[in-house]
Amino acid sequence: DSRVAYAGSNDGLVFRSADNGLTWADISGALPQASVNDVAGDPGDPERALAVLGGFNRPHLWEWTVARGTWVALGDGLPNVPANTVLMKTSSEIFVGTDIGIFRSLDGGATFEPFMDGLPEGLVVTDLHFGRTHNVISAGTYGRGAYQVSVEPPGPMVMFDSLVLPLSPVDGDGDANVEPG
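Now for a description of the structure that goes with this document. These numbers were taken from a predicted model, which means no experiment stands behind them. (Residues numbered from 1 in each chain as written. Predicted model: local features only at pLDDT ≥ 70, side-chain atom pairs only at ≥ 80, totals over all residues. Heavy atoms only, no water.)

Concerning the sheet that holds strand S12 (residues 125-131)
Part 1: Spatially, three strands are ordered S12-S13-S14 in an open sheet, and the strand pairing comes out antiparallel. Of all strands in the sheet, those bounded by a partner on one side alone are S12 and strand S14 (146-150). Looking at each pair of strands side by side, their axes are set apart by 20° on average, direction ignored.
Part 2: As paired strands, S12 and strand S13 (residues 136-141) are joined by six bridges and run antiparallel to one another. Looking across to S13, one finds that His129 is bridged to Ser138. (Pairing = 2+ DSSP bridges. Helix = DSSP H or I, 4+ residues; strand = E, 2+ residues; numbered from the N terminus. Axes fitted to C-alpha atoms, helices over the stretch in contact; angles between N-to-C directions.)

Here it is in structure tokens:
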């Protein structure tokens, strides 16, 4: 939903706008008082967001939903280092850039594993971006340049949202198989 936007601050505040930035609501709630380094809206659910926090000795990934109205810690498997950026490729596939590399979740952020795919060890990842046109994730780093990796597309794209009925067969014997010739 392009009308929804999030903004985080270095003093632990997160704001949400659902009207193209005309008005903003403070949704910080129970989020720890730490630098909010990045906030990502869910591409499949405009009522869900993830935020990553800097610092040590605390959870680094937090989830907020409209229904819950508060933040819940996620991210089992993330290291105890600052998290700098979060990318939600889909509602379930999530990438977090940290002070020691990139980590990926395939279960909505519950658990993470390293996703280095050729990156140098100890790489401080400061930003992640998903280019839908070429299915490429770009990683901006601190002092080591930028890296890119090709990934699977996020799923089928809906090109049309309606059908005109009735549909009538054009050719074939009705068995739903493509016939030779």
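Here we look at the environment of Asp19
Part 1: Structurally, Asp19 is set in the loop between strand S2 (14-17) and strand S3 (25-26).
Part 2: With a relative accessible area of 25%, Asp19 lands in the partly exposed category.
Part 3: When the C-alpha atoms of Asp19 and Ala5 are compared, they prove to be 8.4 Å apart, with 14 residues separating the residues in sequence.
Part 4: At 3.1 Å, the side chain of Asp19 and the backbone nitrogen of Leu22 are in polar contact. (Buried < 20%, exposed > 50% of the residue type's maximum accessible area, 1.4 Å probe, protein only. Polar contact = N/O pair within 3.5 Å; in protein donor to acceptor, adjacent residues only side chain to side chain.)

Looking at the sheet that holds strand S7 (residues 71-74)
Within a sheet, adjacent strands bond to each other through the backbone by hydrogen bonds, running parallel or antiparallel.
Part 1: Taken in spatial order, the four strands make up an open sheet running S4-S5-S6-S7, and their pairing is antiparallel. Each edge of the open sheet carries a strand with a single partner, namely strand S4 (36-42) and S7. Within this sheet the neighbouring strands show an average axis-to-axis angle of 25°, counted without direction.
Part 2: Pairing of strand S5 (residues 45-53) with strand S6 (residues 61-65) involves five bridges; the strand directions are antiparallel. Within the sheet, the bridge partner assigned to Ala51 lies in S6 and is Trp62.

Side note on the environment of Pro32
Part 1: Among the secondary structure elements, Pro32 is positioned in the loop between S3 and S4.
Part 2: On the basis of relative accessibility, which here comes to 21%, the residue Pro32 falls in the partly exposed class.
Part 3: As a C-alpha pair, Pro32 and Asp11 span 21 residues in sequence and 9.4 Å in three-dimensional space.

Some remarks on the packing of aromatic side chains
Part 1: Counted under the stated rule, the structure contains two aromatic pairs.
Part 2: Aromatic pair Phe95 and Phe115: ring centres 5.2 Å apart, planes at 70°, arrangement edge-to-face. Taken together, the residues span a long stretch of sequence, with Phe95 in strand S9 (residues 94-98) and Phe115 in the loop between strand S11 (113-114) and S12 at a distance of 20 residues. Here the two residues Phe95 and Phe115 agree in accessibility, since each one is buried. (Phe/Tyr/Trp six-rings, centres within 6.5 Å; stacked < 30°, edge-to-face > 60°.)

Some remarks on the pattern of salt bridges
Part 1: This structure, assessed with the given rule, holds six salt bridges.
Part 2: Close ionic contact of Asp1 with Arg3 constitutes a salt bridge, the shortest N to O distance being 2.8 Å.
Part 3: Judged by its relative accessible area of 46%, Asp1 falls in the partly exposed class.
Part 4: For Asp42, the salt bridge goes to Arg48, with nearest N and O atoms at 2.8 Å.
Part 5: Look at Asp42 and you get buried, because its relative accessible area is 7%.
Part 6: Through salt bridges with shared partners, a single ionic network connects Asp42, Arg48, Glu63 and Arg68. (Salt bridge = Lys/Arg side-chain N within 4 Å of Asp/Glu carboxyl O.)

Note that all results are geometric; they support no functional claim without further evidence.
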